[in-house]
Amino acid sequence: MTRQEKGLRATVIVLAACVLCMGGWIIFSEGGSQEPSPPLQDGTQTVASIQDRAITEDEWVDELKKRYGNEMLMTMLNRQAVALEARAKDIDITMSEVDEELEVMSRSYGSKERFLSEMEDQLGITESELKTETIYRLLLEKIATSDVHIEEQQIDAYLEQYPDQFRPKKQLNLSMIEVPSESEADQVMDRLENGENFADLATELSMDEYTREDGGKIGLIEEDDPFVPPAVLDAALTLEPGDIAGPISLTDAYAIVYVQDIIQPQALSEEGIREAVRRQLALEQSVSLSELERQLREKYAARIIDHKEGLLRQSNISLQEPFLLEGYLAYSGTKVTGKFN
């Protein structure tokens, strides 16, 4: 696993779990900000319509249950099983641990605020949802590693083998215009010098299909990103925020690069680095988290009831946003100490 993959691991786990939570909110939530729809003669409500065809709430919920129901029930059972095991082992999570984990997850975004903003703007995932999933994952990891002991010599050996893993890398927020010839690139540079907008020119002229429709925006990347042409990175690293450079010769094209922002992430403390290594080594020696979830479901006799009424009794909770943090903690009995920042 590469350094970049390790850095993305926690975020991917949390985002995947949040997707299930949002699906559960849709399935089981009774509330909402929309106007109540009028009931039909058979007692069901219309939630949407097209021409004279009404879509009822029962039809909507049935389709959602078919697509997301089992996954959401499994998620709920996992949370209950993990909470029971944490209580049995007297394992808890502090609010400072959750805040620190979010800080680590947000390092590649330059700041925690930027990370949270991106999660909500791009994926619709709120800070409350992220904290809920982080609490669950930290609990699961603590249970998995509760009987694993890592010696200080093992940490020393790991840091000696991977000395750069925790070195913060410069972040570049880049946009690019790619054109087929140097003369065309010169023309683009002339138009930029005359005051034309970079994003408008990228949309009009760029050959790069992945960035053209977004005004040439590549986004926030690390200084050694393997998916950006090395010539573009080399040029960008010589620039200051707001600078534009080009033409840059590529394999079959020429590029103009715009550096919107440069971020230098804060390095972890020596203690923080050693704790991160200890946690990583312990997880490598423990059972996989998915297998642990399976074992805990079996230990606490988790089951999904097929009968419709029974299933609803087992799932009779709301997953609206207030539930996601305070409600989840109360419902599951998870012990969390301290106060969030």
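Residues numbered from 1 in each chain as written. Predicted model: local features only at pLDDT ≥ 70, side-chain atom pairs only at ≥ 80, totals over all residues. Heavy atoms only, no water.

Some details on the overall build of the protein chain
- What the protein chain contains, in helices and strands, is 13 helices and eight strands.
- Each of the 341 residues in the protein chain was classed as buried or not, and the buried ones make up 41%.
- Residue pairs at least 24 apart in sequence account for 73% of intrachain contacts in the protein chain once pairs closer than 6 positions are excluded.
- Summed over its atoms, the accessible surface of the protein chain is roughly 19500 Å², and 49% of this surface lies on carbon and sulfur atoms. (Helix = DSSP H or I, 4+ residues; strand = E, 2+ residues; numbered from the N terminus. Buried < 20%, exposed > 50% of the residue type's maximum accessible area, 1.4 Å probe, protein only. Contact = heavy atoms within 4.5 Å. Areas by Shrake-Rupley, 256 points an atom, 1.4 Å probe, with all protein chains shown as cover.)

A look at the side chain of Asp-208
- The residue Asp-208 is located in the loop between α8 (198-205) and β5 (217-222) in this model.
- Filtering out sequence-adjacent residues up to four positions away, Asp-208 remains in contact with Met-176 and Glu-178.

A closer look at the nonpolar core
- The biggest cluster of nonpolar side chains holds 17 residues, and the ones touching the most others in it are Val-82, Leu-139, Leu-140, Ile-143 and Leu-292.
- Taken together, the elements giving at least two residues each to this core come down to α2 (57-88), α5 (127-144) and α11 (289-299).
- Sort the elements by how many residues they give to this core and α5 lands first, with seven residues.
- Leave out the neighbours within four places in its chain, and Leu-140 touches Val-82, Leu-289, Leu-292 and Glu-293.
- In terms of nonpolar packing, the next biggest core, distinct from the first, is built from 16 residues, Leu-172, Val-232, Leu-233 and Val-257 among them. (Core = buried A, V, L, I, M, F, W, Y, C linked by side-chain atoms within 4.5 Å.)

Thoughts on a nonpolar patch on the surface
- There is a patch of nonpolar side chains on the surface, built from Val-47, Ile-55 and Trp-60 and spanning about 240 Å² of accessible area.
- Assessed through its relative accessible area of 38%, Trp-60 is described here as partly exposed. (Patch = residues over 30% accessible without salt bridge, like charges linked within 9 Å, V, L, I, M, F, W, Y side chains within 5 Å. Salt bridge = Lys/Arg side-chain N within 4 Å of Asp/Glu carboxyl O.)

Purely geometric stuff here, so don't read any function into it on its own.
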